[in-house]
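One letter stands for each residue in the lines below.
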Amino acid sequence: HRHLAAARALLLGGMLMYLRAVESGRLRHAAFSGLLLLLLGFIQPLYVLVAYAVLAAHIVILRLTRQRPRSFEIWRLYFVVSIMHSPIVLYTILSFSLDPLLKQWGKQNIILSPHPLHYLAAYGLLLIPAALGLRELWRRDKMRASFLAGWVAVLPLLLYAPYNLNRRFAEGFHVALVTMAVAGLALLGRPGTPRPVRSSRPARSLALSGLLIA
């Protein structure tokens, strides 16, 4: 399972660098994010699709809530992040679509998502503190909270997409869920005087959780 741990670290690292690129507006951060996702594409191209979906959902929420950066800037960053690893993803899709051996192997490789109640049973205890944590993070740092909200919004579409490996699309979300739940539990622990949360805490929690789980 070492390749899965490496893929998870690259996925989370690429997303963290994307957040830094959005905050700073620097293309070098976006390029570094694209480089990490390119390495991810060589290990597990399927997880790159998760990054595509989550980043796109983040951009949509930023636009709907009228947050900066401006539309042109955010799409330019998304383009820089995506263009570097798009060839390996396209190559993989074409290979499994055109090569007879890979096509046949893909038909028997079935990892489908279970009934939603299974996910509710697994993560239900975290949902309430996660909702509270997301609300608190939204109050303190809308840009990063929008990223987590985008991941929450797009997850059901990924998990039940018409694809025989859709359960794989849950990769990394448990880190985002734990991040929100920890923020919510911290708020519940001191209801009268909530502890100040620095703007960098969501990203640090995301990184720390990813390292611990990987």
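Residues numbered from 1 in each chain as written. Predicted model: local features only at pLDDT ≥ 70, side-chain atom pairs only at ≥ 80, totals over all residues. Heavy atoms only, no water.

Participant: Quick one: what's the story with the side chain of His 29, residue by residue and with numbers?
Facilitator: Mapped onto the fold, His 29 is located in helix H2 (residues 27-43). Look at His 29 and you get buried, because its relative accessible area is 10%. Within polar-contact distance, the side chain of His 29 engages the side chain of Ser 24 at 2.8 Å. Non-local contacts of His 29, meaning those with residues more than four positions away in its chain, are made with Met 17, Arg 20, Ala 21 and Ser 24. (Helix = DSSP H or I, 4+ residues; strand = E, 2+ residues; numbered from the N terminus. Buried < 20%, exposed > 50% of the residue type's maximum accessible area, 1.4 Å probe, protein only. Polar contact = N/O pair within 3.5 Å; in protein donor to acceptor, adjacent residues only side chain to side chain. Contact = heavy atoms within 4.5 Å.)

Participant: Before we move on, could you go through the packing of helix H7 (residues 116-140) against helix H9 (residues 173-189) and cite the residues and values that matter?
Facilitator: In a packed pair of helices, the relevant descriptors are the angle between the two axes and the axis-to-axis distance. Contact geometry of H7 with H9 gives a least axis separation of 6 Å together with a crossing angle of 75 degrees. Here H7 is positioned roughly perpendicular relative to H9, judged by the angle of their axes. Together, Tyr 123, Leu 126, Leu 127, Pro 129, Ala 130, Leu 132, Gly 133, Leu 134, Glu 136 and Leu 137 of H7 and Leu 177, Met 180, Ala 181, Ala 183, Gly 184, Leu 185, Leu 187 and Leu 188 of H9 make up the contact between the two elements. (Axes fitted to C-alpha atoms, helices over the stretch in contact; angles between N-to-C directions. Parallel < 35°, antiparallel > 145°, perpendicular 65-115°, else oblique.)

Participant: Account for the packing of aromatic side chains, naming residues and giving values.
Facilitator: What characterises a pair of aromatic rings is the spacing of the ring centres plus the angle enclosed by the ring planes. Evaluation of the coordinates by the stated rule reveals five aromatic pairs. Consider the rings of Phe 147 and Trp 151, whose centres lie 6.0 Å apart with planes at 75 degrees: the pair is edge-to-face. Taken together, the residues span about one helical turn, with Phe 147 and Trp 151 both in helix H8 (residues 142-159) at a distance of four residues. Under the relative-accessibility criterion, Phe 147 is labelled buried at 1%. In this structure Trp 151 comes out as buried when scored by relative accessible area, which is 0%. Ring geometry for Tyr 163 and Phe 169: centres 5.9 Å apart, planes at 25 degrees, overall stacked. (Phe/Tyr/Trp six-rings, centres within 6.5 Å; stacked < 30°, edge-to-face > 60°.)

Participant: Can you tell me about the side chain of Ser 95, naming the residues and giving the values?
Facilitator: Along the chain, Ser 95 turns up in helix H5 (residues 86-98). A relative accessible area of 15% means that Ser 95 is categorised as buried. Within the structure, Ser 95 has its side chain in polar contact with the backbone oxygen of Tyr 91 (distance 2.7 Å).

Participant: An account of helix H1 (residues 2-24) is requested, with residue identities and associated values reported.
Facilitator: Because each turn of an α-helix spans 3.6 residues, side chains separated by three or four positions end up pointing in the same direction. Counted at 1.5 Å a residue, the expected span for H1 with its 23 residues is 33 Å, and the 33 Å between its end C-alpha atoms agrees. Downstream of H1 by a residue or two, Gly 25 has a phi angle that is positive, lying close to 75 degrees. (Expected span 1.5 Å × (residues − 1).)

Participant: Can you tell me about the environment of Ile 74, naming the residues and giving the values?
Facilitator: Within the secondary structure, Ile 74 sits in helix H4 (residues 71-83). Given a relative accessible area of 2%, Ile 74 falls into the buried group. A C-alpha to C-alpha distance of 9.2 Å links Ile 74 and Ala 21, two positions 53 residues apart in sequence.

Participant: Can you tell me about the packing of H7 against H8, naming the residues and giving the values?
Facilitator: One way to put it is that H7 packs onto H8 with a least axis distance of 9 Å and a crossing angle of 150 degrees. Taken as axis vectors, H7 and H8 run roughly antiparallel relative to one another. Relative to H8, the crossing made by H7 is left-handed. Touching Tyr 119, Leu 134, Leu 137, Trp 138 and Arg 140 of H7 are Lys 142, Ala 145, Ser 146, Leu 148, Ala 149 and Leu 159, all from H8. Of the residues assigned to the contact of H7 with H8, the class counts are eight nonpolar, one polar and two charged. (Left-handed = near helix turned anticlockwise from the far one by under 90°. Nonpolar A, V, L, I, M, F, W, Y, C, P; charged D, E, K, R; others polar.)

Participant: Residue-level account of the nonpolar core, with values.
Facilitator: Formed by 59 residues in total, the largest nonpolar core has its most connected members in Met 15, Tyr 18, Leu 40, Leu 55, Phe 147 and Trp 151. Of all the secondary-structure elements, those providing two or more residues to this core are H1, H2, helix H3 (45-64), H4, H5, H7, H8 and H9. Of all the elements, H3 adds the most residues to this core, at 13 residues. (Core = buried A, V, L, I, M, F, W, Y, C linked by side-chain atoms within 4.5 Å.)

Participant: So what's going on with H9? Residues and values would help.
Facilitator: Along its 17 residues, H9 runs 24 Å from first to last C-alpha, staying within 8% of the 24 Å computed at 1.5 Å per residue. Residues Phe 173, His 174, Val 175, Ala 176, Leu 177, Thr 179, Met 180, Ala 181, Ala 183, Gly 184 and Leu 187 constitute the buried set of H9.

Participant: I'd like to hear about a nonpolar patch on the surface, residue by residue, with values.
Facilitator: A contiguous nonpolar patch, built from Phe 32, Leu 35, Leu 39, Phe 42, Ile 43, Phe 79, Ile 83 and Met 84 and spanning about 730 Å² of accessible area, is present on the exposed surface. Residue assignment for the nonpolar patch shows that the elements contributing at least two residues are H2 and H4. Examined against the element boundaries, Leu 35 turns out to sit in helix H2. (Patch = residues over 30% accessible without salt bridge, like charges linked within 9 Å, V, L, I, M, F, W, Y side chains within 5 Å. Areas by Shrake-Rupley, 256 points an atom, 1.4 Å probe, with all protein chains shown as cover. Salt bridge = Lys/Arg side-chain N within 4 Å of Asp/Glu carboxyl O.)

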